[in-house]
Amino acid sequence: MTGTTSEQKQSGAPRADSKSIIVHQHSDLLYWWIVWAYGYFCAVLTWFRGTPVVLSPDGRPVLIFHGAWLGISFVMLVLFVLVFTNARARGVKSLVLFLVLAVIGLTVQLSWGWNEILSFFPLLLVNMNLAFYVLFSSLLLAAWAFVVLGTDHSTYWEFAPNSIAKKHWFTDAAESYTSPQVETSRQSDDIFVHRLLGLWFLGFGTGDIEVRFSTAGSGQKVFFLKNVWRAAHVEKEINRLVA
């Protein structure tokens, strides 16, 4: 996420006359919001449409959604996020992969239907009860909030006219460089991660920014900032301020 001086924080975005911009990078756990959100959706659906089933010796029933597609879709979503947040497909590769998956999904649905396909695999009757969805989503939400809203903000980069600083708010440690010669580059976006899971369609989106700079007597330094919110806007502000 990006932050600014007190005047900037009130306006919600860097102003044309702003004197600094604060940039935070995020871990890949940022993109797991969709898993706990969908988990709560599954819990609500199970609460209203679930069937009580007695599994324990004490006779206490558990609520289970009657359709196996709900559990399968949850498992597939977890695998999707797990794979694509660790194996990035950038640029043209991500576009081609997206189109291939879309074509395969539509072809199966229009030709046979996913329900018909799944009926040939009786072991795919994946059912999870209400307690599982609530417990899993709540624990994941707690971890997500702790990392994304907490530890990810423990280190930040402050860019100001003719200066760059890397700071750690908890220990007050800092690296400061003045009058740097700066070059920035932004890597190609991953459609699935940076755009889809990064909420690009809502005006957010994330990206990876590489900041290379050198100062007299210090040699070349590189700051690689991962998963920065509104990366294109942030890169533009960095160049405006430091240049």
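Read on for an overview of the structure. The structure displayed is predicted, hence computed values, not measured ones.

## Looking at the overall build of the protein chain
Thinking step 1. From N to C terminus, the protein chain includes 8 helices and 10 strands.
Thinking step 2. Every one of the 243 residues in the protein chain was classed for burial, and the buried ones make up 36%.
Thinking step 3. In the protein chain, the share of contacts with a sequence separation of at least 24, taken over all contacts with a separation of at least 6, comes to 65%.
Thinking step 4. Carbon and sulfur atoms make up 66% of the accessible area of the protein chain, which totals about 14,100 Å².

## Side note on unusual backbone geometry
Thinking step 1. Positioned with a positive phi, N227 is a non-glycine residue whose angle comes to about 50°.
Thinking step 2. Mapped onto the elements, N227 comes out in strand 10 (residues 219-229).
Thinking step 3. In this model, R230 sits at a positive phi of 50°, which is unusual for a non-glycine residue.
Thinking step 4. Its place among the elements puts R230 in the loop between strand 10 and helix 8 (231-242).

## A few points about the packing of helix 2 (residues 33-49) against helix 6 (residues 130-148)
Helix-helix packing is described using two parameters, namely the angle between the two axes and the distance between the axes.
Thinking step 1. For the pair helix 2 and helix 6, interaxial distance at closest approach is 8 Å and the crossing angle is 155°. Comparing their axes, helix 6 and helix 2 come out roughly antiparallel. Considering how the two elements wind past one another, helix 2 and helix 6 form a crossing that is left-handed. Between helix 2 and helix 6, the contacting residues are W33, V35, W36, G39, Y40, C42, A43, T46 and W47 on the first element and L130, Y133, V134, F136, S137, S138, L140, L141 and W144 on the second.

## Quick word on the pattern of salt bridges
Thinking step 1. One pass over the full model with this rule turns up 5 salt bridges.
Thinking step 2. Of the charged contacts in the structure, one is a salt bridge between E158 and K167, with a shortest N-O distance of 2.9 Å.
Thinking step 3. Residue K167 is classed as partly exposed on the basis of its relative accessible area, which comes to 25%.
Thinking step 4. Note that E210 is salt-bridged to R212, the shortest N-O span being 2.8 Å.
Thinking step 5. With relative accessibility at 19%, the residue E210 sits in the buried group.
Thinking step 6. Taking the relative accessible area as the measure of exposure, R212 reaches 30% and is therefore partly exposed.

## A look at the environment of K19
Thinking step 1. Its location among the elements puts K19 in the loop between helix 1 (6-11) and strand 2 (21-23).
Thinking step 2. The spatial distance from the C-alpha of K19 to the C-alpha of F159 is 8.6 Å, given a sequence separation of 140 residues.
Thinking step 3. Leaving out residues up to four positions away in the same chain, K19 has contacts with F159, A160, P161 and L241.

## Side note on the nonpolar core
Thinking step 1. Of all hydrophobic cores here, the largest spans 26 residues; its most connected members are V35, L70, F74 and Y133.
Thinking step 2. Every element with two or more residues in this core is listed here: helix 2, helix 3 (68-84), helix 6 and helix 7 (191-197).
Thinking step 3. Contact partners of L70, with chain neighbours within four places excluded, come to Y38, C42, L45, T46, F65 and Y133.
Thinking step 4. The next biggest cluster of nonpolar side chains, apart from the first, holds 17 residues, and it includes F223, L225, V228 and I238.

Cut-off values and rules
- Residues numbered from 1 in each chain as written.
- Predicted model: local features only at pLDDT ≥ 70, side-chain atom pairs only at ≥ 80, totals over all residues.
- Heavy atoms only, no water.
- Helix = DSSP H or I, 4+ residues; strand = E, 2+ residues; numbered from the N terminus.
- Buried < 20%, exposed > 50% of the residue type's maximum accessible area, 1.4 Å probe, protein only.
- Contact = heavy atoms within 4.5 Å.
- Areas by Shrake-Rupley, 256 points an atom, 1.4 Å probe, with all protein chains shown as cover.
- Axes fitted to C-alpha atoms, helices over the stretch in contact; angles between N-to-C directions.
- Parallel < 35°, antiparallel > 145°, perpendicular 65-115°, else oblique.
- Left-handed = near helix turned anticlockwise from the far one by under 90°.
- Salt bridge = Lys/Arg side-chain N within 4 Å of Asp/Glu carboxyl O.
- Core = buried A, V, L, I, M, F, W, Y, C linked by side-chain atoms within 4.5 Å.

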